[in-house]
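# Summary of structural features
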Amino acid sequence: MRLNEHFKNLGESYLFVTIAKKVAAYQKEHPEAKIIRLGIGDVTRPLAPAVIDALHKAVEDQARQETFHGYSPDSDGYPFLREAIAGYYKNFGVELDPSEIFVGDGAKSDLGNMLDLFDRDNTVLIPDPVYPVYVDTNVMDGRPIVYLDATEENGFLPLPDPGRRADLIYLCSPNNPTGAAYNKEQLQAWVDYALEQKAVLLYDAAYEAFITEPGLPHSIFEIPGAKQCAMEFCSLSKTAGFTGMRCGYTVLPRELRFGGVSLGKLWQRRQGCKFNGVSYLTQRGAQAVFTPEGQRQIREAIACYQENARVMMEALDRLGIPYTGGVNSPYLWLKCPEGLGSWDYFDFLLERAQIVGTPGEGFGRNGEGWFRLTAFGDPAQTREAMARLERLGQ
Ligand code: PLP
């Protein structure tokens, strides 16, 4: 018996553990300190009333013989939810057949599991800094990774380098952690590059609902040619507060074929073998998100987070601290003042202002010297955190 040796190449997942340890140690020493947590990217608002109503109804369905649901007839999602999601895409002018939408238990699982479809010798292009799941899931398979520098100079929105080979390309827009979002021309450059390379674009749209600037694409499928080269991962986690419910969806258009093989068909085969679908209750709750009432209610919660982001941006503007994000994203990515390293600034903020954020270094080499704050906190606490920051003068 031999273990998967590639696990040895994984970096320690120490980021949030180290943060928790540091915060616990500080709190122990200063029991009276009122620590404000703007670090972890979890939501804080409860589910929308329309979702709660749908969940109650679904519970009643399960209580009666005539409406009871056991195994779902197909692991890719009930037609009622796949149709509701296809309807949502019409808002962006994207026509999808419900059969091109695959419901899963969140973007993280789908992003990781999708790699079952690809050879382990494929070259993977991943921006740095980035959501660490793309890197770790490929390291586990031993795939060669090429990093793409996302820096202050390119506005954390790197563009393709035509001389560089790639088979799998990850893009996340609006981005975690930088909050930067690509426009149509930039995404067109990526689609053209992927088509030319005969590569697959793995497009993570988990934060599309936070886009406020008109004209910015919410889906990669708004870009001509994308259906031939891209798949899109989406999640109800941040959009509708489903971080604890677990529901997401991945779009694999019919046109996405390599060597005559449909990736949607392969994914369906993979899921049918290793996954028995998202619970009926969760799918009924998710369906409610896409009703007019559900959309209005989730928009209220998103607006609350966006207001937090605005409060944070104004404070950073007044302090003259450079940052990206906030406008189209629940994340603010700020440059650590006075050339401090990410962890030094973490310690500084914890000790001097009792604010917890996330050191940028945890998202990749280029995150050093940068820091992520989230707008998912409580509004009063967010305002208090910014007042503390301003009192510090940085
Ligand atoms: N993609 C990005 C960029 C994320 O930041 C996250 C969660 O933080 C996910 C995917 C995972 O989402 P889910 O909760 O649907 O697994």
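Residues numbered from 1 in each chain as written. Predicted model: local features only at pLDDT ≥ 70, side-chain atom pairs only at ≥ 80, totals over all residues. Heavy atoms only, no water.

Time to look at the sheet that holds strand S7 (residues 230-235). Taken together, 7 strands build an open sheet; the order of strands is S2-S8-S7-S6-S5-S3-S4 and the sheet is mixed. A single partner strand is all that each edge strand has here, and the edge strands are strand S2 (101-104) and strand S4 (145-149). Between one strand and the next, the sheet's axes are offset by a mean angle of 25°, whatever the strand orientation. As defined by bridge partners, strand S5 (residues 168-172) adjoins strand S6 (residues 200-204) across 5 bridges and the pair is classed as parallel. Residue pairing across strands places Leu 171 opposite Tyr 203, the latter belonging to S6. (Pairing = 2+ DSSP bridges. Helix = DSSP H or I, 4+ residues; strand = E, 2+ residues; numbered from the N terminus. Axes fitted to C-alpha atoms, helices over the stretch in contact; angles between N-to-C directions.)

We now examine the side chain of Thr 382. Here Thr 382 is to be found in helix H12 (residues 379-392). Separated by 2.8 Å, the side chain of Thr 382 and the backbone oxygen of Asp 378 make a polar contact. Residues in contact with Thr 382, not counting those within four places in the same chain, are Leu 38, Asn 308, Met 312 and Gly 377. (Polar contact = N/O pair within 3.5 Å; in protein donor to acceptor, adjacent residues only side chain to side chain. Contact = heavy atoms within 4.5 Å.)

In the numbering adopted here, UniProt assigns the feature "binding site: pyridoxal 5'-phosphate" (unreviewed entry) to Tyr 71, Ala 107, Lys 108, Tyr 131, Asn 176, Tyr 207, Ser 235, Leu 236, Ser 237, Arg 246 and Asn 276. Taking the farthest pair of C-alpha atoms as the criterion, the annotated set spanning 206 residues is dispersed, since that pair is 34.6 Å apart. When residues no more than four places from it in sequence are discounted, the contact partners of Lys 108 are Tyr 131 and Val 133. Inspection of the secondary structure assignment puts Ser 237 in helix H7 (residues 237-240). Ignoring anything within four residues of it in the chain, the contact list for Ser 237 reads Val 43, Phe 242, Thr 243, Arg 246 and Cys 247. (UniProt positions renumbered as here; feature names shortened; annotations may be inferred.)

As annotated in UniProt, the feature "binding site: substrate" (unreviewed entry) corresponds to Tyr 14, Gly 41, Lys 108, Tyr 131, Asn 176, Asn 276 and Arg 372 in the numbering used here. In summary, the annotated positions, distributed over 359 residues, remain apart in three dimensions as well, the widest C-alpha pair reaching 36.1 Å. Residues within four places of Gly 41 in sequence aside, it is in contact with Lys 238, Tyr 331, Arg 372, Thr 374 and Phe 376. Tracing the sequence through the fold places Tyr 131 in the loop between strand S3 (124-128) and helix H5 (133-141). With residues up to four places along the chain from it excluded, the contact list for Tyr 131 reads Lys 108, Leu 111, Asn 176, Pro 177 and Asp 204.

This next bit is on the nonpolar core. Ranked by internal contacts, the top residues of the largest apolar core, which has 62 residues, are Ile 169, Leu 201, Ile 220, Leu 236, Phe 242, Tyr 249 and Phe 290. Considering each element in turn, this core owes the most residues, 7 residues, to helix H3 (residues 79-89). The contact partners of Leu 236, leaving out residues within four places of it in the chain, are Gly 241, Phe 242, Cys 247, Gly 248, Tyr 249, Ala 286, Val 289 and Phe 290. In this structure, Val 23, Met 312, Ile 321 and Phe 346 belong to the second largest nonpolar core, which totals 33 residues. (Core = buried A, V, L, I, M, F, W, Y, C linked by side-chain atoms within 4.5 Å. Buried < 20%, exposed > 50% of the residue type's maximum accessible area, 1.4 Å probe, protein only.)

Further remarks concern the packing of aromatic side chains. Inspection of the entire model under this criterion finds 24 aromatic pairs. For the ring pair Tyr 88 and Tyr 89, a centre distance of 6.4 Å and an interplane angle of 85° mean the geometry is edge-to-face. Like Tyr 88, the residue Tyr 89 is buried in the burial classification. Both rings, one in Phe 156 and one in Trp 370, keep their centres 4.9 Å apart while their planes meet at 80°; by these two values the pair is edge-to-face. With Phe 156 in the loop between S4 and S5 and Trp 370 in strand S15 (residues 370-374), this pair connects stretches of sequence that are 214 residues apart. Judged on exposure class, the residue Phe 156 and its partner Trp 370 are both buried. In this structure an aromatic cluster arises from ring pairing among Tyr 88, Tyr 89, Phe 92, Tyr 249 and Phe 290. The lysine or arginine in question, Arg 82, covers the ring of Phe 102, its NZ or CZ lying 5.4 Å from the ring centre. (Phe/Tyr/Trp six-rings, centres within 6.5 Å; stacked < 30°, edge-to-face > 60°. Lys NZ or Arg CZ within 6 Å of the ring centre and 35° of its normal.)

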